[in-house]
Amino acid sequence: MPANFIRDKLNYKPWADSRFKNLDFYYKMLSGTLYDHIKIPFTMEKDINGKYIPLRERRPSVIYNLPKVVVRRSSRLLFGDKHFPKFVVQDQKVAAFLQNIADTADLQGTMLNAAYVGSIGSVLILIRLVESTFSYEVIDPRWCIPSFDIHGRIEEVLIRYPAFGSTLLAYCFNIDQEDLDNYFIFARRITKTEEIVYNPIREEEFEIKNLVKNDKRSIEHKLDLFPGVWIRNLFPEIGYDGTCTFSQVENSCIEIDYQLSQCGRGLKYNSDPQLLLKEPAGNDESGIMPVRSTSQAILVGPDGDGKLLEISGAGQKVVLEFVKALRQYVLEVMSGSRKDTEQSYGNMSGRAMELLEADLIALTAEKRLTYGEKGLKELCRTTLKIAAKNN
């Protein structure tokens, strides 16, 4: 099924631009919420007027989230467990300082989260220093509008995201009582010298030009550098963002969900086949269809007959073979592991296992450049610069 059909059915507010919509589509694929806007269950064949409902307008009952599988595996191979890189610095004091921050600020967890969220295209990691303690914040790229200098380094970012009036009231913003259940846009801008907090604006009235600075909540950090890093996922880079890990397989992933849902529908039909009665019936003159069970017999006349309309199940086998082929195609395009979990490989050497996972290792190696060289290293450098300015 074409992914554009799903895209066109997603509802967005006027403030959502094309970049937000594109990133949000991939985020929904990754989180398994792509079909949440479709309210019709997959098993509902007709509406209240008896009109047939096409399959594409029903919500799949099976969501086989292959993008999430590949993204999690590659992220774990990149930063998980013992794969997290060690700090190699000539100055042992600097190495000890970075290791201490990594331990106290959960740097490994931050990078795992960043690699997962960033798979949709990009990710922002902000550095916090409060009372001589460092911490890191991973920001979803959907909410960010970054600006870069001529060298491609981020110099400021506008972060805006929707929030309920009741949530903003809990943070001591002035929200009217009748607006507690309404959405507002909360925005803040991070620059090289300050963090600007803006007054919330009702979602339907939001425009960047209407933002008003809240002087009491805004602060000047005077670092003269941007306190964070912007990481693009994969090459080639597209504007602010890199290439989504699974952008090439969106149609196939949706097709898999609908094919498996249709297969499940056929299985349910086989479990409860249609009953066909040929008149004349027996002596039951009530006109009411009896309950189907082993204890309830249906009486038919001498010329009557009864049958259960069942399907052979051969079609389901074909569907499963088709899904299996689609799965292999999706994993090949995404450079995911194509290892068959149902097949026993016996005792394998390390080299053989490496060849079996060659595609996934290649994907991880590419991410090591973006999330390692341009991500983690730059994050450590910026952390050291901030620490030096606050000594």
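All of these numbers come straight from a predicted model, not from anything done at the bench.

Peer 1: What is the right way to look at the overall build of the protein in this model?
Peer 2: Helix and strand counts for the protein stand at ten helices and 13 strands. Within the span of the protein, comprising 391 residues, buried residues form 41% of the whole. Pairs at least 24 residues apart make up 64% of the contacts formed inside the protein by residues separated by at least 6 positions. Summed over all atoms, the accessible surface of the protein reaches about 22900 Å², with 51% contributed by carbon and sulfur.

Peer 1: Even after reading the chapter, I still don't get the pairing of strand 1 (residues 122–130), so can you show me in this structure?
Peer 2: Walk down a regular strand and you will see the side chains alternate between the two sheet faces. Taken together, the five bridges between strand 1 and strand 9 (residues 228–232) define a ladder with antiparallel strand orientation. By the bridge assignment for strand 9, Ile125 is matched with Val229. Hairpin remark: strand 1 followed by strand 2 (residues 133–139), antiparallel, with two residues in the connecting loop; positive phi at Glu131, about 55 degrees.

Peer 1: I'm lost on helix 3 (residues 66–79) in this one. Help?
Peer 2: Spacing of three or four residues puts side chains on the same side of an α-helix, whose turn is 3.6 residues. In this model helix 3 runs 20 Å from its N-terminal to its C-terminal C-alpha over 14 residues, within 8% of the 20 Å that 1.5 Å per residue would give. What helix 3 keeps buried is the set Leu66, Pro67, Val70, Val71, Ser74, Ser75, Leu78 and Phe79. Projected down its long axis, helix 3 carries its buried residues within an arc of 160 degrees, all on one side. Where helix 3 is buried, its residues contact helix 2 (18–31), helix 5 (107–117), helix 7 (250–271), helix 8 (314–334) and helix 10 (358–389). Sitting at the amino-terminal end of helix 3 is Asn65, which places a side-chain oxygen 3.2 Å from the backbone nitrogen of Lys68. Where helix 3 terminates, the next one or two residues include Asp81, which has phi positive at roughly 50 degrees.

Peer 1: I keep staring at the pairing of strand 2 and nothing clicks. Help me out?
Peer 2: Alignment of strand 1 against strand 2, held across seven bridges, turns out to be antiparallel. Considered in strand 2, the bridge of Leu124 is made with Ile139.

Peer 1: Please explain the packing of helix 5 against helix 10 as it appears in this structure.
Peer 2: The axes of two packed helices give the description: the angle between them and the distance between them. Interhelical geometry of helix 5 versus helix 10 gives an angle of 140 degrees and a closest axis separation of 12 Å. Classified by the angle between their axes, helix 5 and helix 10 sit oblique to one another. The element helix 5 and its partner helix 10 pack so that their crossing is right-handed. Two secondary-structure elements touch here, helix 5 through Leu107, Met111, Ala114 and Ala115 and helix 10 through Lys367, Tyr371, Leu376, Leu379 and Cys380. Classifying every residue of the contact of helix 5 with helix 10 by side-chain character gives eight nonpolar, no polar and one charged.

Peer 1: Got a minute to help me understand unusual backbone geometry in this structure?
Peer 2: Trans peptide bonds make up the majority, and among non-glycine residues the majority have a negative phi. Between Phe235 and the following residue, Pro236, the backbone shows a cis peptide bond with an omega angle of 0 degrees. Its place among the elements puts Pro236 in strand 10 (residues 234–238). Phi is positive for Asp81, close to 50 degrees, though the residue is something other than glycine. Here Asp81 shows up in the loop between helix 3 and helix 4 (92–104). Looking at Asp81, the relative accessible area reads 64%, which means it is exposed. Phi angles above zero are rare outside glycine, and Asp106 is one such case at about 55 degrees. Given the relative accessible area of 47%, Asp106 is considered partly exposed.

Calculation notes
- Residues numbered from 1 in each chain as written.
- Predicted model: local features only at pLDDT ≥ 70, side-chain atom pairs only at ≥ 80, totals over all residues.
- Heavy atoms only, no water.
- Helix = DSSP H or I, 4+ residues; strand = E, 2+ residues; numbered from the N terminus.
- Buried < 20%, exposed > 50% of the residue type's maximum accessible area, 1.4 Å probe, protein only.
- Contact = heavy atoms within 4.5 Å.
- Areas by Shrake-Rupley, 256 points an atom, 1.4 Å probe, with all protein chains shown as cover.
- Pairing = 2+ DSSP bridges.
- Expected span 1.5 Å × (residues − 1).
- Arc of directions from axis to C-beta.
- Polar contact = N/O pair within 3.5 Å; in protein donor to acceptor, adjacent residues only side chain to side chain.
- Axes fitted to C-alpha atoms, helices over the stretch in contact; angles between N-to-C directions.
- Parallel < 35°, antiparallel > 145°, perpendicular 65-115°, else oblique.
- Left-handed = near helix turned anticlockwise from the far one by under 90°.
- Nonpolar A, V, L, I, M, F, W, Y, C, P; charged D, E, K, R; others polar.

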